[in-house]
Amino acid sequence: MRNKGAIRLLAILFALVSLYQLTFTYVTKSVEKEAQEFGAGDIKKEQAYLDSIRGEGVYNFLWIKDYTYKECKELEMNLGLDLKGGMNVTMEVSVIDIIKAMANNSKDETFVAAIEKAKAMQKDSQKEFVVLFGEAFESINPNAQLSSPDIFGTLEMKDKIPFGASNAEVLKVIKKEADAAIDNTFNILRSRIDRFGVAQPNIQKADVSGRIIIELPGIKDAARVRKLLQGTASLEFWETYSANEVTQYLNAANEKLAAINTMAEPAEAAKEATKEEVKEEAKDEDVALLDKIEETAKDSTTDLNAKEIAKKYPLFSVLNPTQRGSSKAVVGMSHIKDTARVNQILAMPAVQSVMPRNLKFFWGVKPIDKGGNVFELFAIKVTSRDGKAPLDGDAVTSAREQIDQNKAQAEVSMSMSGEGAKVWARLTKDNIDRAIAIVLDGYVYSAPNVISEIKGGQSSISGNFTIAEAKDLANILKSGKLPAPAHIIADEVVGPSLGQESIQKGMWSFIIAFVLVLIYMFFFYSKGAGLTANIALIANLFFIFGVLASLGAVLTLPGIAGIVLTIGMSVDANVLIYERIQEELKGGKGLSLAISDGYKNAYSAIIDGNITTLLTGIILYLFGEGPIKGFATTLVVGIFSSLFAAIFITRLIIEGSLKRNRNITFTTKFTDNWLRNAHIKFLEKRKVFYVISGIAILVSIGSLATRGLNQGIDFTGGRTYVVAFDQDVSVEAISKSLETVYGHAPEVKTFGGDSQVKITTKYKIDESGNEVDDEVEGLLYTGLQPYLNGASKTDFLENNRKMSQKVGPTIADDIRQSAVWSILFALIVIFLYIMLRFSNWQYGFGAIVALAHDSIIVLGIFSLCYGWLPFSLEVDQAFIAAILTVVGYSINDTVVVFDRIREYIGLHPKRDRVEVVDSALNSTLRRTFSTSLSTMVVLLAIFLFGGTSIQGFTFALLVGVMVGTYSSLFIATPIAYDTSLRVSKVIAKKK
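Within any chain, residue numbers begin from 1 and follow the written order of that chain's sequence. Where totals are concerned, whole chains, interfaces and linings use all residues; where local detail is concerned, this predicted model gives features only for residues with pLDDT of at least 70, and gives and counts side-chain atom pairs only at 80 or more. Here the side-chain values reflect all heavy atoms present in the structure, with hydrogen atoms and water set aside.

Draft legend 1. Local environment of the overall build of the protein chain. Along its length, the protein chain carries 32 helices and 23 strands. Relative accessibility decides the category of a residue: with a 1.4 Å probe and only protein chains considered, values under 20% of the type maximum give buried, values over 50% give exposed, and everything between is partly exposed. Burial analysis of the protein chain (991 residues in total) assigns 53% to the buried set. In the protein chain, the proportion of contacts linking residues at least 24 apart, taken out of those at least 6 apart, comes to 74%. Put simply, DSSP marks the helices as runs of H or I at least four residues long and the strands as runs of E at least two long, and each gets a number from the N terminus on. Two residues qualify as a contact provided that any one of their heavy atoms is within 4.5 Å of a heavy atom in the partner residue.

What follows is the structure, encoded as structure tokens:
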């Protein structure tokens, strides 16, 4: 092997990078363990501890850089919701509302009819709503103009839609405005999530325009999340107080609280005498809160001075006031962990009594320090009788970022409507040399100082912005113009207990499968070669986790299955190499030459097999979402990692042993002759196998036509709940009980035991909104009350409900379409690759027939067996991932067989073709047996120990591997042979 030094260096660097990435996970887990010990079971204390060190250095990397806990948390290995618990939400921005707002809610008959028709078309279409609206409008009235004054030719849109613009031009403007509104909604949601206090939140735009995917690990209150995410953005412009004007009130509040503290802590003997006196001076809740602040100070520090400060300066111990003389609206700053306490203090009756009635406080939306811990508090002046802002976002007609040519700084240019311009002129005139706060959702985004009165509604906002910050502020200002509400079209809630159960079962399945593979390799290939392969497998595992951590990938339960499956399949490369080395040794070559030629001759089959599996993994990644993407990521990473470990690391170890004159054996006396001299007549018996497969396919198609498939809500839409009870329950009784509240009998199945059920209902699935979601959950609680032993609704949602999932009809259609396209695309890509690689379309045809054979039989078994087996056989996204994985595995097996046939034909061109093909197939039996058995062992371990939520997925893989191994030997090769024979006969006749 050439370039050993470079490969050795690469392996070392790979290991060091993996180790570096995984250290962040180790550090965060260590810190969180300390927090648990500090909290001693009190979750609030535990969270307070983590908040207090959020911006502090907890990890020093080689004395080069200090990492804060927050930075380590961002770099640690992410766990998916199925392992950690939490909530996954898919939101869709309401483009319908955007279009209506742009048209000023036009009552034009064609416009209204086009909106309704486009909504109906959207349920069965993959096109964007703007495109569907254009098609619907054209079909209803081909002569109608979107630019007419009754629709989009309004005064507000005149700068963007000129008079007489074509419908195509108007649709382009609508698309542009809709995209801008979607971007703005995304930014608003991201801002809301950042303030939600969730560790490692994840928000990203989906491949489908207008959809946003949000993951919130650890969230329990799903109703609160839905309300927060679906709330309409509220943009307001407020007048402000200066710090000079507010400082006296803050001082008075602090002194009053200190006095309450002093009165609330009399000497032991005088407690009773002063009790009534304290009650007169302060309310009970004020004293309780101050006690809590002091208690928190005791918990979070051992510094006596800090405790005294908390007593003497109750407000200023958590709020650092702005220095006197400041004319800005910022009156103080607080650490993120103290902001909630500041809010509580400022809301206390004792504090409110010394504050002006028209004074209110808002926090700044962004931290002002690099660590992301310190936030500013702004003083807002209420000047209206109804307590509302003098100006809101409806007044803004446009906003954009630009560069001030004089100062060479980024700023925001803003335009207002006629009525808004009048109010803005008055506001700016009354607040010269004062700040006006721009507030969204109760947080201050900017508070620029007014230099002079601004007339005409045109103004510029400056404030040392970067271009990105100016763009964000412009988007915020535009949010008032185009309301773009986002609706939840799919969500999934996984309880922490179910997540913990998944972790335990997933890890057990992982460990058991890994140990079984190590034992198998050691037993089959001896302590020399087997131990080398095992070292490579352990290195492979280390590399996979390191790469996943560095990519920021989310590890899910299907992801763990992907890793375990990758380990099982990575054995194939070692098996191919070792089998070729043994063949070279049997041919009389010396050990060193046999090893060299064995590696060289195995490369072709290894590369071909892994490329086809890699193509499957890429297609899964492109078409899949959520757990499917996680599975595909681990599969793709595992393929590259296992190739490196199997080809290079084993070679380095083996050649190192040769240099030290150690004898290396590649088999044991028990396995040396196993399937070595098989003489199975594969082609002679092919018609028998055609009949067997034909019967299996006919039975499968018959079952699919009659029974169909047990489609999950991924494909049908609906709501699913997994509910656990304290005792065994009857699914029939629960179904009848829920029928009384839902009006129809939902589907109820046992899920992992007789005390846990999975409930699926389509009740009001076409309707959206918080009220509908709350109603469905409320009815579920009502219907299940006889089985809950008096549990409250809160207890039910947090403890009994282990998981909930909602998929709207539109997204179900999209998932179904993407599943079909992903399978078809995978088959086409594999066919083209094999045809090009083997320069023979018959090979590609044989492989595709075998893959279709495998897919139909797996589908047939799921159709035949659902309802009979004691675990779920739902066809959902995970099942599609399983089918595509089976396709990848089967094609890997088929390509190895084809590669050996091609080699044998090249070695024996004049020998009878049937004899050559049979010899090639028989020579691959040892490899096929080892790979299939090791993969089956791995999958069986996952199936038995991986938990109920993954059993259907693993069952599909188990069946697929068995059927795939059969088809690569008995279907793919005979089909390729028969088609080649038929083509040869046709050519011969023509001649």
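Draft legend 2. Structural context of the side chain of serine 106. Residue placement: serine 106 occurs in the loop between helix 5 (95-102) and helix 6 (109-122). According to the relative accessible area criterion, serine 106 is buried, its value standing at 7%. Sequence-distant contacts of serine 106, that is, excluding residues within four places in its chain, are made with Phe111, Val112, Asp150 and Ile151.

Draft legend 3. How the structure looks around a nonpolar patch on the surface. Together, Leu9, Ile12, Leu13, Leu16 and Leu19 line one region of the surface with nonpolar side chains, adding up to about 470 Å² of accessible area. Topologically, leucine 9 is positioned in helix 1 (residues 4-39). Exposure above 30% relative accessible area and the lack of any salt bridge qualify a residue for a patch; like charges then connect within 9 Å, and the nonpolar side chains Val, Leu, Ile, Met, Phe, Trp and Tyr within 5 Å. All accessible areas in this document rest on Shrake-Rupley with a 1.4 Å probe, and a residue is counted as covered only by the protein chains that are shown. Only one rule defines a salt bridge in this text: a Lys or Arg side-chain nitrogen within 4 Å of an Asp or Glu carboxyl oxygen.

Draft legend 4. Structural detail: helix 29 (residues 877-907). Helix span, as expected, comes to 1.5 Å for every residue beyond the first. Spanning 31 residues, helix 29 covers 45 Å between terminal C-alpha atoms, matching the ideal 45 Å at 1.5 Å per step. Burial runs high along helix 29: 24 of the 31 residues are buried.

Draft legend 5. Main features of the packing of aromatic side chains. Aromatic rings from Phe, Tyr and Trp, taking only the six-membered ring of Trp, are treated as a pair when their centres fall within 6.5 Å; an angle between ring planes under 30 degrees marks them as stacked, one over 60 as edge-to-face, and anything in between as tilted. Summed over all chains, the structure comprises 31 aromatic pairs. Aromatic side chains phenylalanine 111 and phenylalanine 133 sit 5.8 Å apart centroid to centroid with 75 degrees between the ring planes, which places their arrangement in the edge-to-face category. Of this pair, phenylalanine 111 sits in helix 6 while phenylalanine 133 is found in helix 7 (residues 129-140), placing the two residues 22 residues apart along the sequence. Each member of the pair phenylalanine 111 and phenylalanine 133 is classed as buried.

Draft legend 6. Seen up close, the pattern of salt bridges. On inspection of all chains with the given rule, the structure shows 23 salt bridges. Linking glutamate 128 and lysine 175 is a salt bridge whose minimum nitrogen-to-oxygen distance equals 3.6 Å. Highlighted residues: glutamate 128 in the loop between helix 6 and helix 7 and lysine 175 in helix 8 (residues 167-194), separated in sequence by 47 residues. For glutamate 128, a relative accessible area of 31% corresponds to the partly exposed category. Residue lysine 175 is classed as partly exposed on the basis of its relative accessible area of 28%. Ionic contacts of the salt-bridge type, sharing partners, join the residues Lys29, Glu32, Lys73 and Glu76 into one network.

Draft legend 7. Representation of the packing of helix 29 against helix 30 (residues 913-923) within the structure. Interaxial angles span 0 to 180 degrees and are taken between N-to-C directions of axes, which are lines fitted to C-alpha atoms, for helices over the stretch in contact. Two numbers describe how helix 29 lies on helix 30: the axes approach to 9 Å, and their chain directions differ by 135 degrees. Considering the angle they form, helix 29 stands oblique to helix 30. Between helix 29 and helix 30 lies a crossing whose hand is right-handed. Mapping the contact onto sequence places Val897, Arg900, Ile901, Tyr904 and Ile905 in helix 29 and Arg913, Val916, Val917, Ser919, Ala920, Leu921 and Ser923 in helix 30. By residue class, the composition of the contact of helix 29 with helix 30 is eight nonpolar, two polar and two charged. Just so you know how the angles are binned, under 35 degrees is roughly parallel, over 145 roughly antiparallel, 65 to 115 roughly perpendicular, and the rest oblique. Left-handed describes a crossing in which the near helix is turned anticlockwise from the far one by less than a right angle; the clockwise case is right-handed. Residues are sorted three ways: Asp, Glu, Lys and Arg are charged, Ala, Val, Leu, Ile, Met, Phe, Trp, Tyr, Cys and Pro are nonpolar, and all the rest, Gly among them, are polar.

Draft legend 8. Here's a closer look at the environment of alanine 136. Inspection of the secondary structure assignment puts alanine 136 in helix 7. Accessibility expressed as a relative area gives 0% for alanine 136, which makes it buried. Between the C-alpha atoms of alanine 136 and glutamate 116, which are 20 residues apart in sequence, the distance is 8.8 Å. With near-sequence residues (within four places) excluded, alanine 136 lies in contact with Ala114, Lys117, Ala118 and Met121.

Draft legend 9. Broad picture of the environment of histidine 487. Counting through the fold element by element, histidine 487 comes out in strand 18 (residues 486-494). On the basis of relative accessible area, histidine 487 is assigned to the partly exposed category, the value being 29%. Here the alpha-carbon distance between histidine 487 and valine 93, two residues 394 residues apart in the chain, equals 6.4 Å.

Draft legend 10. Seen up close, the pairing of strand 20 (residues 718-724). Among the seven residues that make up strand 20, seven are buried, leaving the element largely enclosed by the rest of the structure. Side chains Gly718, Thr720, Val722 and Ala724 project from strand 20 onto one buried face, and the interleaved Arg719, Tyr721 and Val723 project onto a second face that is buried too. Alignment of strand 20 against strand 23 (residues 801-807), held across six bridges, turns out to be antiparallel. Across the sheet, tyrosine 721 pairs through a bridge with serine 804, a residue of strand 23. Here the rule is simple: two strands pair whenever DSSP picks up at least two bridges between them. Examined bridge by bridge, strand 20 and strand 22 (residues 756-761) share six bridges and lie antiparallel to one another.

Draft legend 11. Expanded view of the environment of aspartate 766. Within the secondary structure, aspartate 766 sits in the loop between strand 22 and helix 25 (770-784). According to the relative accessible area criterion, aspartate 766 is exposed, its value standing at 59%. As for aspartate 766 and isoleucine 489, which are separated by 277 residues in sequence, their C-alpha atoms are 9.6 Å apart.

Draft legend 12. Representation of the confidence of the model for the protein chain in the model. Predictor confidence is given residue by residue as pLDDT, running from a minimum of 0 to a maximum of 100. Chain-level statistics for the protein chain give a pLDDT mean of 79 and a share of 86% at 70 or above. The secondary structure element of the protein chain with the lowest average pLDDT is helix 11 (residues 271-281), at 41, and the one with the highest is helix 22 (residues 686-706), at 93. Note that pLDDT drops below 50 for residues 266-283; the model gives that stretch 10 contacts with residues more than four away or on any other chain.

Draft legend 13. Representation of the pairing of strand 10 (residues 359-364) in the model. For strand 10, a buried count of five out of six residues is recorded, marking the element as mostly surrounded by other parts of the structure. Relative to strand 16 (residues 443-446), strand 10 runs parallel, the two being bridged by two bridges. Counted as the bridge partner of glycine 364 is valine 444 from strand 16.

Draft legend 14. Layout of unusual backbone geometry. Residues other than glycine seldom take positive phi values, yet asparagine 105 does so here, at roughly 50 degrees. Within the secondary structure layout, asparagine 105 lies in the loop between helix 5 and helix 6.

Draft legend 15. Structural detail: helix 7. Look at helix 7: 16 Å from first C-alpha to last across 12 residues, which is about the 16 Å you get at 1.5 Å a residue. The complete set of buried residues in helix 7 reads Phe129, Val130, Leu132, Phe133, Gly134, Ala136 and Phe137.

Draft legend 16. Summary view of the packing of helix 5 against helix 7. Viewed as axis vectors pointing N to C, helix 5 and helix 7 meet at an angle of 55 degrees, and their least axial separation amounts to 10 Å. It follows that helix 5 is oblique to helix 7 by the angle criterion. The way helix 5 lies across helix 7 gives a crossing that is right-handed. Between helix 5 and helix 7, the contacting residues are Val95, Ile96 and Ile99 on the first element and Phe129, Val130 and Phe133 on the second. Residue composition of the contact of helix 5 with helix 7, by class: six nonpolar, no polar and no charged.

Draft legend 17. Seen up close, the side chain of threonine 650. Here threonine 650 lies in helix 21 (residues 627-659). The contact partners of threonine 650, leaving out residues within four places of it in the chain, are Thr532, Ala533, Ala536, Asn574, Tyr599 and Ala645.

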